[in-house]
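# Structure at a glance
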Amino acid sequence: MSTHNYYLHGWNENDANVLASFLYLIGDKLPLLGDRTLNPLDASIWLADLDSEEGREFWQEALDQPAAGRRASDAGHFKIALSRQPIATNHLLIRNPLRINGETGVLTVLRKMLDGIAEPNLASAFVTTGERRSLGSLFMQIAHKENVELIFPEQVWVLVDSKNEQCWANRHPRQWIRFFPQLMAIQPATEAVFQSLAVSSNPDCQAYPIDSIKWCLGLFLWKGEPSPQAAQQQTYQLKNWPNFTSLPHHPKHLSLTNHLVRHPRKIEELMEDTELSREFIQNFINACMAIDLLHATPSRALNDKRDKRIGYNPLRALLSRLGVTA
């Protein structure tokens with residue numbers, strides 16, 4: 001079982017000793033908590049004392065420049081504030097003077113964080129702001145043009161610039177289909193973050209269309225049930241092929257695409273033609289709907305006539321899409 005080391009930013013010696021004593025007493029209740037490290041690069045949890053100048057400077061930098069900070073240290077996915085006063089944001093807070101129990105006590109706050117790390121089902125909704133936000137809230141944040149940072153395991157992060165309809169990530173979207181269900185944290189991102197990314201030349205951080213995020217939400221948000229938009233239709237037809245170069249996808253999505261570009265299909269027909277589950281097909285439909293790839297009023301008759309007129313060949317159509325002349 002892996003543990004998570006912690007680093008103290010701006011803590012005075014007395015508070016650090018009190019914390020160490022507390023952790024000794026409650027160590028059996030926090031099995032995932034590792035040791036204190038003097039090197040922030042070795043820590044996955046950063047605790048900053050906002051009552052000290054050093055702690056305040058770190059906290060502000062970590063909030064304003066999350067991507068730059070992570071590139072510099074490749075650590076500190078989880079941030080906790082120590083303060084005598086309530087903080088302006090809703091980030092996790094341990095109140096000073098230190099206590100073991102209580103809403104802002106050491107045991108309560110650390111257990112809340114570590115439980116979210118340990119349980120994948122909890123981690124998908126766990127956020128460092130202390131709120132249990134779901135993928136549904138992320139969907140609304142993007143719709144309302146809010147800029148956010150998404151944090152995943154394995155040092156993966158995505159910054160969503162909703163206002164300019166793009167996102168930045170340190171992994172190619174083709175990998176997101178594996179990471180997205182493990183979303184651990186959602187936190188605000190400032191305009192300064194994106195301005196910094198736009199002028200940087202870091203090869204580990206690239207810009208992608210915001211449709212990559214919307215597509216992921218469509219795949220995972222409704223868990224096999226129709227999205228509100230998809231529920232308004234009985235048959236579905238693609239306007240054109242999805243741009244799979246920037247969309248996380250499963251190989252079987254290609255087969256579904258081939259069926260849906262030809263003429264409208266019902267879910268039951270797609271299940272019969274492809275032998276795929278209803279849930280898998282519905283998630284694909286939801287993803288296509290999320291990025292406006294589906295016709296609002298598909299017409300089966302017109303497409304049937306077109307297929308007969310041109311002698312439609314599915315293999316030839318697929319090769320054409322791949323740039324191969326049959």
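Residues numbered from 1 in each chain as written. Predicted model: local features only at pLDDT ≥ 70, side-chain atom pairs only at ≥ 80, totals over all residues. Heavy atoms only, no water.

On to helix α12 (residues 278-290), then. Structurally, the α-helix is built with 3.6 residues per turn, so residues lying three or four positions apart point the same way. Here α12 is 13 residues long and its end C-alpha atoms lie 18 Å apart, about the 18 Å a rise of 1.5 Å per residue gives. The complete set of buried residues in α12 reads Ile281, Gln282, Asn283, Phe284, Ile285, Asn286, Ala287, Cys288 and Met289. Packed against the buried residues of α12 are α9 (211-220), β11 (235-236), α10 (252-260) and α11 (267-274). One or two residues past the end of α12 sits Asp292, with phi positive at roughly 60°. (Helix = DSSP H or I, 4+ residues; strand = E, 2+ residues; numbered from the N terminus. Expected span 1.5 Å × (residues − 1). Buried < 20%, exposed > 50% of the residue type's maximum accessible area, 1.4 Å probe, protein only. Contact = heavy atoms within 4.5 Å.)

Moving on, we come to the sheet that holds strand β10 (residues 206-209). The sheet built from five strands is open, its strands ordered β9-β6-β7-β8-β10 with antiparallel pairing. Each edge of the open sheet carries a strand with a single partner, namely β9 (185-188) and β10. Averaged over all neighbouring strand pairs, the angle between strand axes comes to 25°, with direction disregarded. The pairing of strand β6 (residues 148-152) with strand β7 (residues 156-161) spans five bridges and is antiparallel. Its bridge partner being in β7, Val148 is matched across the sheet by Val160. Where helix α8 (residues 191-199) meets the sheet, it contacts β7 and β8 (166-169), and its direction lies at approximately 105° from that of β7. Against the sheet, α9 touches β6, β7, β8 and β10, its axis set at about 60° to β10. (Pairing = 2+ DSSP bridges. Axes fitted to C-alpha atoms, helices over the stretch in contact; angles between N-to-C directions.)

Burial within strand β1 (residues 4-9) is extensive, with five of its six residues counted as buried. With two bridges connecting them, β1 and strand β2 (residues 33-36) associate as parallel partners. Within β2, the position partnered with Tyr6 by the bridge is Arg36. Handedness of the crossover joining β1 and β2 through helix α1 (residues 13-25): right-handed. (Right-handed = clockwise from strand over helix to strand, strands pointing away.)

Within the open sheet, the five strands sit side by side as β2-β1-β3-β4-β5. Their pairing is parallel. Each edge of the open sheet is held by one strand with a lone partner, namely β2 and β5 (93-95). In this sheet, adjacent strand axes meet at a mean angle of 30° when their direction is disregarded. Where strand β4 (residues 78-83) and β5 come together, three bridges link them in parallel fashion. Across the sheet, Leu82 pairs through a bridge with Ile94, a residue of β5. Packed on one face of the sheet, α1 meets β1, β2, β3 (45-49) and β4 and runs near 155° to β1.

In this section: the side chain of Asn147. Turning to its location among the elements, Asn147 is positioned in the loop between α6 (135-143) and β6. By relative accessible area, which is 9% here, Asn147 ends up buried. Within the structure, the side chain of Asn147 is placed 2.9 Å from the backbone nitrogen of Ser162, a separation counted as a polar contact. (Polar contact = N/O pair within 3.5 Å; in protein donor to acceptor, adjacent residues only side chain to side chain.)

Turning to the side chain of Gln282, a few remarks are in order. Structurally, Gln282 is set in helix α12. Exposure remark for Gln282: the relative accessible area of 4% places this residue in the buried category. If near-sequence neighbours (up to four positions away) are discounted, Gln282 is found in contact with Gly224, Glu225, Pro226, Ala230 and Ile267.

Within the secondary structure, Phe22 is located in helix α1. A relative accessible area of 16% places Phe22 in the buried class. In this structure the C-alpha to C-alpha distance between Phe22 and Leu107, which are 85 residues apart in sequence, comes to 8.6 Å. If near-sequence neighbours (up to four positions away) are discounted, Phe22 is found in contact with Leu98, Arg99, Ile100 and Val106.

On their own, these measurements won't tell you what the molecule is for.
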